[in-house]
Amino acid sequence: MSRSLRRRLLTLGVLGTLGTVLAAGTASTANGEPRAVIQGRTEITAKVTGEKPGYRCLIAGKDISGPWGTVAPDGTVTLTLGGVKDPGKHLRVLCEDPKRGDPSLHTVRSDRVAYDGMLAPIRQIMNNRLFGSH
């Protein structure tokens with residue numbers, strides 16, 4: 001077997017394995033439960049997925065809260081809370097049905113991610129739950 005053929009087979013195997021891992025990770029997140037990923041320090045963003053379209057969501061913490069954002073028809077909304085001096089560790093995303101108001105208020109399950117600095121992209125990739133860290 002030539003070196004070129006071995007390299008092609010190895011590349012095909014690696015790409016196939018990567019595709020399988022990504023497909024399995026995507027399938028495991030599609031359980032219908034709303035989730036949020038909160039990140040940032042002074043400007044905090046939260047990406048909510050899986051929430052019911054038309055609901056309103058916001059980022060909240062001790063003595064801080066952001067503006068409400070309406071969930072799009074695809075079940076996602078991106079929330080931003082800027083100019084925060086000390087966000088604390090206990091930030092959460094709250095969502096509610098605007099037709100029912102406060103009785104429908106609930107906390108969305110969320111993960112807090114704080115990546116900054118020059119190695120942030122590498123840390124974010126290595127701490128991805130597909131690699132077993134979350």
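Please refer to the structure higher up on the page.
The present account deals with the structure reproduced in this document. (Residues numbered from 1 in each chain as written. Predicted model: local features only at pLDDT ≥ 70, side-chain atom pairs only at ≥ 80, totals over all residues. Heavy atoms only, no water.)

Secondary structure summary: the chain contains 2 helices and 8 strands in total. N-terminal to C-terminal, the α/β element order of the chain is α-β-β-β-β-β-β-β-β-α. Considering the chain as a whole, with its 134 residues, one finds that 25% of them fall into the buried category. Taking as baseline every contact in the chain between residues at least 6 positions apart, the subset at least 24 positions apart corresponds to 52%. When the accessible area of the chain is evaluated, it comes to approximately 9,400 Å², of which 57% is carbon and sulfur surface. (Helix = DSSP H or I, 4+ residues; strand = E, 2+ residues; numbered from the N terminus. Buried < 20%, exposed > 50% of the residue type's maximum accessible area, 1.4 Å probe, protein only. Contact = heavy atoms within 4.5 Å. Areas by Shrake-Rupley, 256 points an atom, 1.4 Å probe, with all protein chains shown as cover.)

We now examine the state of the cysteines. Per the stated rule, a full pass over the model turns up 1 disulfide. Cys57 shares a disulfide with Cys95; S-S distance 2.0 Å. Taking the sign of the torsion about the S-S bond as the criterion, the disulfide between Cys57 and Cys95, at about 105°, is right-handed. Of this pair, Cys57 sits in strand β3 (residues 56-61) while Cys95 sits in strand β7 (residues 92-96), placing them 38 residues apart in sequence. (Disulfide = S-S within 2.5 Å.)

A few words now on the side chain of Glu51. Mapped onto the elements of the fold, Glu51 is located in the loop between β2 (44-49) and β3. At 3.0 Å, the side chain of Glu51 forms a polar contact with the side chain of His106. Ignoring sequence-local partners within four residues, the contact set of Glu51 consists of Pro34, Cys57, Val71, Gly75, Cys95, His106 and Val108. (Polar contact = N/O pair within 3.5 Å; in protein donor to acceptor, adjacent residues only side chain to side chain.)

Our next topic: the nonpolar core. Side chains of a nonpolar character, in soluble globular proteins, are inclined to be buried together. Within the largest apolar cluster, 17 residues are counted, with the highest numbers of intra-cluster contacts made by Ile44, Cys57, Ile59, Leu79 and Val93. Elements represented by at least two residues in this core include exactly β1 (35-39), β2, β3, β6 (77-81) and β7. Contact partners of Ile59, with chain neighbours within four places excluded, come to Ile44, Thr45, Ala46, Ile64, Ser65, Gly66, Leu79, Thr80, Leu81, Leu91 and Arg92. (Core = buried A, V, L, I, M, F, W, Y, C linked by side-chain atoms within 4.5 Å.)

On to the pairing of β3, then. Sheet topology places β3 next to strand β5 (residues 69-70); 2 bridges connect them, and they run antiparallel. Bridge pairing in β5 places Arg56 opposite Thr70. With 2 bridges connecting them, β3 and strand β4 (residues 64-65) associate as antiparallel partners. Residue pairing for β4: Gly61 is matched across the bridge by Ile64. In sequence, β3 turns back onto β4 through a hairpin of 2 residues, with Asp63 there showing a positive phi of about 65°. (Pairing = 2+ DSSP bridges.)

Here the focus is unusual backbone geometry. Residues other than glycine predominantly adopt negative phi, and peptide bonds predominantly adopt the trans conformation. Unusually for a residue other than glycine, Asp63 sits at a positive phi of about 65°. Inspection of the secondary structure assignment puts Asp63 in the loop between β3 and β4. Using a relative accessible area of 75% as the deciding quantity, one classes Asp63 as exposed.

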